[in-house]
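# Observations on the three-dimensional arrangement
Residue-level listing of the chains:
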Amino acid sequence: MWTRASVFLIGAVCLWQIISKVESTDIGQLLQMFDSNVVYTSIYTCEEADDITCTEPPYGIGLVGYKVWAPCGVGMVGNMTAVCMENGKYERKEDNCVLAPIQEMLDKSKTLNHSTLPNFLEELRNVTVNNTGIVSVSPATINSIVTILNNVASTSTLLTLPLTKKSTTYILETAGVLTSIESKGSWDTLNKKDKENQNNGSTIQSTSSALLNLFESVSDNLVNESFTIETSSIQLNKAMFENHFHHDFNFSVEIDIPAEASGGSHFITTIVFASMDNVLPPRDEDNSSSMVINGKVALATTKAKIRNISITSGILNDTLGNPKCVFWNFTLFDGLGGWSDSGCSLLSHNNETISCSCNHLTSFSMLMSPEIIEDEQINDITIIGVGISMASLVICLITEALTWKKISTNTTSFLRHVSIINIAVSLLIANIWFIIGAYFRDDSKKEHPALCTVVTFFIHLFYLAMFFWMLASGLLLLYRTVFVFEGGLSKTSMLVIGFVLGYAAPLVIAVTTMAVTVPSHKYIRQNHGCWLNWEDSKALLAFVAPALVIVAINFLILLVVIYKMLRRREVRNTSQGKEQHVLVVIARSLAVLTPFFGLTWSLGIGTIIAPKNREINFAFTLCNSLQGCFIWVFGTLLDKKVRSETIKSLTSADKSTAG
């Protein structure tokens, strides 16, 4: 009895250790932690209870690094898995739950025959359509249905059992559920999983490729008669033709085969999908992440010898450009599948349609990408403007070097010129990296992705440094105005703060941006030079957001300083008069540079929102390329003391040379 009591007490203590770690106060969720249906990879000892990290229904309790299995919901079979992570959350979740009737039909699909096949297809259609909401959001169920349909196609081929119009209709209606927009999330999951499996050495055909391949098998196994099937998602046409073939589908697709075919009369089967772009990834031979499927997917099969086929499709998104005519190549990426343009060419393209021509038959579509304006005039202005900017910055730095001892006579003047020098140096280095990055084209970026990443990092870092030194200059202006020229921090302290703000803050932002986006290959944009990505990761916000925030802060500082200066008319001594002069110079330069830089990068946002607008691109390029010139003019040239000391230095140099 005492032994039983001891075991009970030990069990109660262990149970309390676990319960005390559970944050939920819901008794239902608490009991679910100990659900006997939850299977664990190991049994935890009482000592291990202290190390329990994850407590989340329906996965139960778990130790870091452990993989747990949880049961599926009502009406589903299979399991769900997850891994307990150090942050106390379950991640790497996989939903392997399949709708129970679909699982039953998957088992039946392996033993089909002549008599059972027609009724089986009708049943599959009914189960899928009646459970559309569940099927669409269940990747495992979609995968099972694709397997079932391929088993059907294999059975039809092996038994030489042609598919009738009625049976084919059931297949199209079933597949229509799988290609709906509601299923896109499930297909994203399946495509991601297939790619991960392929990276791990798996040679299994991807689920999306398997679905497309199914329709090619179906086309080959149809009864030898002409008919048309039109569903809301897929349209099929089988017709007899001799020389010329033309068909206009309701999905804004036209397929035309000119009078070049030979060999007498032949059947041709054409299938057009309204939303196969939800299923197939836009993965092309170059593995570009910027491409988008921007036309209907069409399939054509025939035994006739075809030299040429043309497809005209309505485009899905008229904001995209750079059209590319492609077909689905099942062998690309070691059997994973992808789009290839081999044997296909673009005939015409306007805002509504794309026409393509291919010299072979298979599954066709059109890829497009966000359009980048390539304008020789804009490119010329950029190069000339950046050249002028760099020359201006070099002159600015030479001027500062010639007059340094004469103009940095007090703390405020010293710190102002330190800011100007670092603004000029930062922009000069950024411009050098910008010119290097501008000469990277798509092919060189693919050959040297690491180099383009480095270039982008330094452009990002030093453009940010320029803005943060502008912020340092603005804060100096505010600080010296508020403290009425006396007291407060020492010159050394303010100098340290300036360098930390000017370089450490940009470095943290640049490194963080790189660390977050590089692993997913979304750090740099896919085309047109080396710069931060926008389409996939919005990494460009890591520059634009801090820059515009600094512009806004400097505007507020200017308003406060102008108000203070207007109220403070009297100057008590000569030293304060010199300080007052320096503050006026800082305020004047910021009053010009702040709105100019704000306008420049506001136009930069405009180029993202309206990439095709030539005027916005032209204005942004002009302003961006002349930043260095503005820093020289309004940072140094308009300062009377700097001008006079520069003239004296040059004059004395001429006299010494003449002597």
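Keep in mind that this is a model prediction, so the values were computed, not measured.

Tallying secondary structure elements over the protein gives 20 helices and 21 strands in all. A total of 659 residues make up the protein; the buried ones form 47% of that total. Restricting the contact set of the protein to residue pairs at least 6 apart, pairs at least 24 apart contribute 69%. Working note: accessible area of the protein is about 31500 Å², and carbon and sulfur atoms make up 59% of it.

Considered for burial, the residues of helix H3 (residues 100-108) that qualify are Ala-100, Ile-102, Met-105 and Leu-106. Structurally, H3 contributes buried residues whose contacts are with strand S5 (76-77), strand S8 (98-99), helix H4 (117-130) and helix H6 (139-158).

The topology assignment puts Ser-340 in strand S18 (residues 338-340). A relative accessible area of 1% places Ser-340 in the buried class. Contacts of Ser-340, omitting those with residues within four sequence positions, involve Glu-285, Cys-325, Val-326, Phe-327, Asn-329 and Leu-332.

Attention now moves to the state of the cysteines. The tally for this structure, following the rule as stated, stands at five disulfides. Across the disulfide, Cys-72 is cross-linked to Cys-97 (sulfur-sulfur distance 1.9 Å). Across the S-S bond linking Cys-72 and Cys-97, the dihedral sits near -90°, which makes this disulfide left-handed. With a gap of 25 residues between them, Cys-72 in the loop between strand S4 (67-71) and S5 and Cys-97 in the loop between strand S7 (90-95) and S8 connect regions that are remote in the sequence. Overall, Cys-72 belongs to the buried group, its relative accessible area being 17%. Between the sulfur atoms of Cys-325 and its disulfide mate Cys-356 the distance is 1.9 Å. Between Cys-325 and Cys-356, the S-S torsion sits near -75°, and that sign places the bridge as left-handed. Taken together, the positions of Cys-325 in strand S17 (residues 320-329) and Cys-356 in strand S20 (residues 353-358) put the pair 31 residues apart, joining distant regions of the chain. The exposure class assigned to Cys-356 is buried, which follows from its relative accessible area of 2%.

Before going further, it helps to examine the pattern of salt bridges. Should the charged atoms of two oppositely charged side chains come close, the side chains can pair. Per the counting criterion, the structure on display carries five salt bridges. With a closest N to O distance of 3.3 Å, Lys-324 and Asp-284 form a salt bridge. Taken together, the positions of Lys-324 in strand S17 and Asp-284 in the loop between strand S13 (266-273) and strand S14 (292-293) put the pair 40 residues apart, joining distant regions of the chain.

Side-chain positions along a regular strand alternate between the two faces of the sheet. For strand S19 (residues 344-349) and S20, the ladder comprises five bridges, and the chain directions are antiparallel. Paired with Ser-348 across the bridge in S20 is Ser-355. The antiparallel hairpin formed by S19 and S20 contains three residues in its connecting segment.

Counting 65 residues, the largest nonpolar core has Ile-102, Leu-178, Trp-187, Leu-211, Phe-215, Phe-273 and Met-276 as its most contacted members. Considering each element in turn, this core owes the most residues, eight residues, to H6. Those residues within four positions of Phe-215 in sequence are excluded, and the remaining contacts are Leu-172, Ala-175, Ile-234, Ile-271, Phe-273, Met-276 and Leu-299.

Now for the confidence of the model for the protein. Averaged over the protein, the pLDDT score is 80; the fraction of residues at 70 or greater is 81%. Confidence over residues 1-13 falls short of pLDDT 50; this stretch has zero contacts with residues more than four positions distant or in other chains. The low-confidence segment residues 22-43, where pLDDT is below 50, has 34 contacts with residues more than four positions distant or belonging to other chains.

The next point concerns the environment of Ile-435. With respect to the secondary-structure elements, Ile-435 resides in helix H12 (residues 411-438). A residue is classified by how much of its surface remains accessible, and Ile-435, at 29% relative accessible area, is partly exposed. Distance in space between the C-alpha atoms of Ile-435 and Val-455 is 9.7 Å, their sequence separation being 20 residues.

Definitions and cut-offs
- Residues numbered from 1 in each chain as written.
- Predicted model: local features only at pLDDT ≥ 70, side-chain atom pairs only at ≥ 80, totals over all residues.
- Heavy atoms only, no water.
- Helix = DSSP H or I, 4+ residues; strand = E, 2+ residues; numbered from the N terminus.
- Buried < 20%, exposed > 50% of the residue type's maximum accessible area, 1.4 Å probe, protein only.
- Contact = heavy atoms within 4.5 Å.
- Areas by Shrake-Rupley, 256 points an atom, 1.4 Å probe, with all protein chains shown as cover.
- Disulfide = S-S within 2.5 Å.
- Salt bridge = Lys/Arg side-chain N within 4 Å of Asp/Glu carboxyl O.
- Pairing = 2+ DSSP bridges.
- Core = buried A, V, L, I, M, F, W, Y, C linked by side-chain atoms within 4.5 Å.
- pLDDT = per-residue confidence, 0-100.

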